[in-house]
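Fold and contact review
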Amino acid sequence: MTEPAILIEGLRKVYGHGDTAVEALKDVHLRVEPGEVVGLIGPSGSGKSTLLKCLGAVIEPTAGRMVLGGQTIYDSSGPGRGGWQIPDLRALRRDRIGFIFQAPYLIPFLDVTDNVALLPMLSGQSNRVARERAQELLGALDVAHRARAQPSELSGGEQQRVSIARALANHPPVVLADEPTAPLDSERALAVVRMLNQMARQYRSGIIVVTHDEKIIPTFKRIYHIRDGRTVEEAGEGREV
Ligand SMILES: Nc1ncnc2c1ncn2[C@@H]1O[C@H](COP(=O)(O)OP(=O)(O)OP(=O)(O)O)[C@@H](O)[C@H]1O
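Residues numbered from 1 in each chain as written. Predicted model: local features only at pLDDT ≥ 70, side-chain atom pairs only at ≥ 80, totals over all residues.

This next bit is on the overall build of the protein. In terms of helices and strands, the protein carries six helices and 11 strands. The C-alpha atoms of the protein give 18 Å as radius of gyration, which agrees with the globular expectation for 241 residues (18 Å, within 12%). Its C-alpha atoms put the protein at 55 × 40 × 40 Å along the principal axes. Going through the 241 residues of the protein one by one, you find that 39% of them count as buried. At a minimum sequence separation of 6, the contacts of the protein that also span at least 24 residues come to 67%. (Helix = DSSP H or I, 4+ residues; strand = E, 2+ residues; numbered from the N terminus. Rg over C-alpha atoms; globule rule 2.2 N^0.38 Å. Buried ≥ 20, exposed ≤ 12 C-beta atoms within 10 Å, placed from the backbone. Contact = placed C-beta atoms within 7 Å.)

Set out below in structure tokens:
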């Protein structure tokens, strides 16, 4: 059996201490295979952002285990006192996790190619390799013709496609997408989902999409519902897009 792209077991996160402590995640279990896109759905305050922040190594969980691309990154029962199992969390975020947000957040003074090539360059790839990767991804996402444009010259949909290319530029085993389709109309929202599925298959990434968007929820084959800090897995409709 292949290693899952993402494996989370018994994840718990408590904010604060004593009387004011908030147990945002109580017992989260989740598994995403390479090439798979899963939905993460839950009401406001259920713990979705907290889970993404733990997975993205932005905040430290309180207990449990997280494995990304076969490597244990956090284990509260791990060696020593338990906790993070890798020394350089910044390198982990840069090299192994792609982030897609509701807004594209492109760097306004870099052109489209440089926006995508920046991360591979920061990870030590040569200029030539980083630009080749950027061109390949821009082609796959149908924005190659805008490669030399500035972000301000692009439509909203084009900017979002460039932000997807940027998230995939280091071929990360894990991509975390936080409400990536919220501002888009139905057609564009479904196009983004189609691209995420295609990119997941092509680069063998596991993708988690946090969403409230009724337009795209029927497209997931598997959905994790999070309620009151606990996850429940459910088969989705898996509608073709
Ligand atoms: N930094 C923090 N300090 C204390 N409590 C927090 C902090 N961040 C989140 N919480 C609490 O943790 C719980 C889960 O919050 P979280 O933001 O993860 O939910 P969410 O599902 O992402 O909600 P939304 O859909 O509204 O963004 C909530 O009760 C929230 O008030």
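Running from N to C, helix α5 (residues 156–168) and helix α6 (residues 186–203) cross one another at 20 degrees; their axes reach a closest spacing of 11 Å. Taken as axis vectors, α5 and α6 run roughly parallel relative to one another. In this structure, the crossing between α5 and α6 has a hand that is right-handed. For the pair formed by α5 and α6, the contact residues are Gly157, Gln160, Arg161, Ile164 and Leu168 on the first element and Arg188, Val192, Met195, Met199 and Tyr203 on the second. The class makeup of the residues in the contact of α5 with α6 is six nonpolar, two polar and two charged. (Axes fitted to C-alpha atoms, helices over the stretch in contact; angles between N-to-C directions. Parallel < 35°, antiparallel > 145°, perpendicular 65-115°, else oblique. Left-handed = near helix turned anticlockwise from the far one by under 90°. Nonpolar A, V, L, I, M, F, W, Y, C, P; charged D, E, K, R; others polar.)

Right, let's talk about the site of the ligand for a bit. By nearness alone, every residue bordering the ligand is listed as Tyr15, Gly16, Val22, Ala24, Gly42, Ser44, Gly45, Ser46, Gly47, Lys48, Ser49 and Thr50. Those elements giving two or more residues to the shell around the ligand turn out to be β2 (22–32) and α1 (48–55). Ranked by residues supplied to the shell around the ligand, first place goes to α1 with three residues. In terms of residue class, the shell around the ligand is built from three nonpolar, eight polar and one charged. (Near = placed C-beta within 6 Å.)

Let's shift gears to the nonpolar core. Note on soluble globular proteins: their nonpolar side chains tend to be buried together. Core analysis: the largest hydrophobic core is formed by 60 residues, its most contacted members being Val116, Ala165, Ala177, Leu196 and Ile208. Broken down by element, this core gets its largest block of residues, seven residues, from α6. Filtering out sequence-adjacent residues up to four positions away, Ala165 remains in contact with Val116, Ala134, Leu137, Leu138 and Leu141. (Core = buried A, V, L, I, M, F, W, Y, C linked by C-beta atoms within 7 Å.)

Take the UniProt feature "domain: ABC transporter" (unreviewed entry) in the protein next. Sites flagged by UniProt as "domain: ABC transporter" (unreviewed entry) map to residues 6–241. Each end of residues 6–241 is marked by a C-alpha atom, and these two atoms are 24 Å apart; helix forms 31% of the span and strand 28%. (UniProt positions renumbered as here; feature names shortened; annotations may be inferred.)

Once that is clear, we can look at the pairing of strand β3 (residues 37–41). Most of β3 is tucked away: five of the five residues are buried. Here β3 shows no split at all, with Val37, Gly39 and Ile41 on one side and Val38 and Leu40 on the other all buried. Two strands pair when backbone bridges link them, and β3 and strand β9 (residues 206–210) are joined in this way by four bridges, in the parallel orientation. Considered in β9, the bridge of Val37 is made with Ile207. (Pairing = 2+ DSSP bridges.)

The geometry of helix α3 (residues 112–122) relative to helix α4 (residues 127–140) is characterised by a closest axis approach of 8 Å and an angle of 125 degrees between their N-to-C directions. Comparing the axis directions of α3 and α4 gives the class oblique. Pair α3 / α4 crosses with right-handed handedness. Of the residues in α4, those touching α3 at Val112, Thr113, Val116, Ala117, Pro120 and Met121 are Asn127, Val129, Ala130, Arg131, Arg133, Ala134, Gln135, Leu137 and Leu138.

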